[in-house]
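Structural description and commentary
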Amino acid sequence: MSDTTELTANAQTDSEELTLAIAELEQYRERLVNDTLSMAQKAKVMKAQALASLQPQLTQIDATLESLRQQQSTLISGN
């Protein structure tokens, strides 16, 4: 019985950690885009060009976010 309670508590902690990681990564992505666009505007670089230079990083962040969301979904549905 205590094993079940312990597993549930661990799953709860893991789910909370995943939720926090997802939120932080989403905030980082938004800040990265906003800061880059702000700097591009000051440097008089076209928005499209600035976003194109960010695309590899954004693709990696988006893939990581998707992976974290899948882990969270699996964890939640496993409960």
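Residues numbered from 1 in each chain as written. Predicted model: local features only at pLDDT ≥ 70, side-chain atom pairs only at ≥ 80, totals over all residues. Heavy atoms only, no water.

A count of helical and extended segments in the protein gives two helices and zero strands. Across the 79 residues of the protein, 20% fall into the buried class. Counting contacts in the protein only where the partners sit at least 6 residues apart, residues at least 24 apart contribute 78% of the total. Element-wise, carbon and sulfur atoms account for 54% of the exposed surface of the protein, whose accessible area totals about 6,000 Å². (Helix = DSSP H or I, 4+ residues; strand = E, 2+ residues; numbered from the N terminus. Buried < 20%, exposed > 50% of the residue type's maximum accessible area, 1.4 Å probe, protein only. Contact = heavy atoms within 4.5 Å. Areas by Shrake-Rupley, 256 points an atom, 1.4 Å probe, with all protein chains shown as cover.)

What follows deals with the side chain of Ser15. Take Ser15: it is sitting in helix α1 (residues 2-42). The contacts of Ser15, once residues within four sequence positions are left out, are Gln72, Leu75 and Ile76.

If you walk through the whole model with that rule in mind, you get two salt bridges. Between Arg69 and Glu26 there is a salt bridge, with the nearest N and O atoms lying 2.2 Å from each other. On the criterion of sequence distance, the pair formed by Arg69 in helix α2 (residues 47-78) and Glu26 in helix α1 is long-range, its members being 43 residues apart. We classify Arg69 as partly exposed; its relative accessible area is 36%. Judged by relative accessible area, which is 34%, Glu26 ranks as partly exposed. The residue Asp62 makes a salt bridge to Arg29 at a minimum N-O spacing of 2.7 Å. (Salt bridge = Lys/Arg side-chain N within 4 Å of Asp/Glu carboxyl O.)

Residue position: Thr19 is located in helix α1. Taking the C-alpha atoms as reference, Thr19 lies 7.6 Å from Gln72; in sequence the two are 53 residues apart. At 2.5 Å, the side chain of Thr19 and the side chain of Gln72 are in polar contact. (Polar contact = N/O pair within 3.5 Å; in protein donor to acceptor, adjacent residues only side chain to side chain.)

Moving on, we come to the nonpolar core. Taken as a class, soluble globular proteins show a tendency for nonpolar side chains to be buried jointly. Counting 10 residues, the largest nonpolar core consists of Leu18, Ile22, Leu25, Leu32, Val33, Leu54, Leu58, Ile61, Leu65 and Leu68. Of all the secondary structure elements, the ones that give two or more residues to this core are α1 and α2. The residues touching Ile61, leaving out its near neighbours within four places in the chain, are Leu25, Tyr28, Arg29 and Leu32. (Core = buried A, V, L, I, M, F, W, Y, C linked by side-chain atoms within 4.5 Å.)

Turning our eyes to something else, we now look at unusual backbone geometry. One non-glycine residue, Lys44, lies in the positive phi region at around 60°. Here Lys44 lies in the loop between α1 and α2.

Now for α2. Under the 1.5 Å per step criterion, the end-to-end length of α2 is 43 Å for 32 residues, consistent within 8% with the ideal 46 Å. Bending of α2 peaks at approximately 50° at the position of Gln55, with proline Pro56 no more than four residues after it. Considered for burial, the residues of α2 that qualify are Ala50, Leu54, Leu58, Ile61, Leu65, Leu68 and Gln72. (Expected span 1.5 Å × (residues − 1). Bend = angle between axes of the 7 residues up to and from the residue.)

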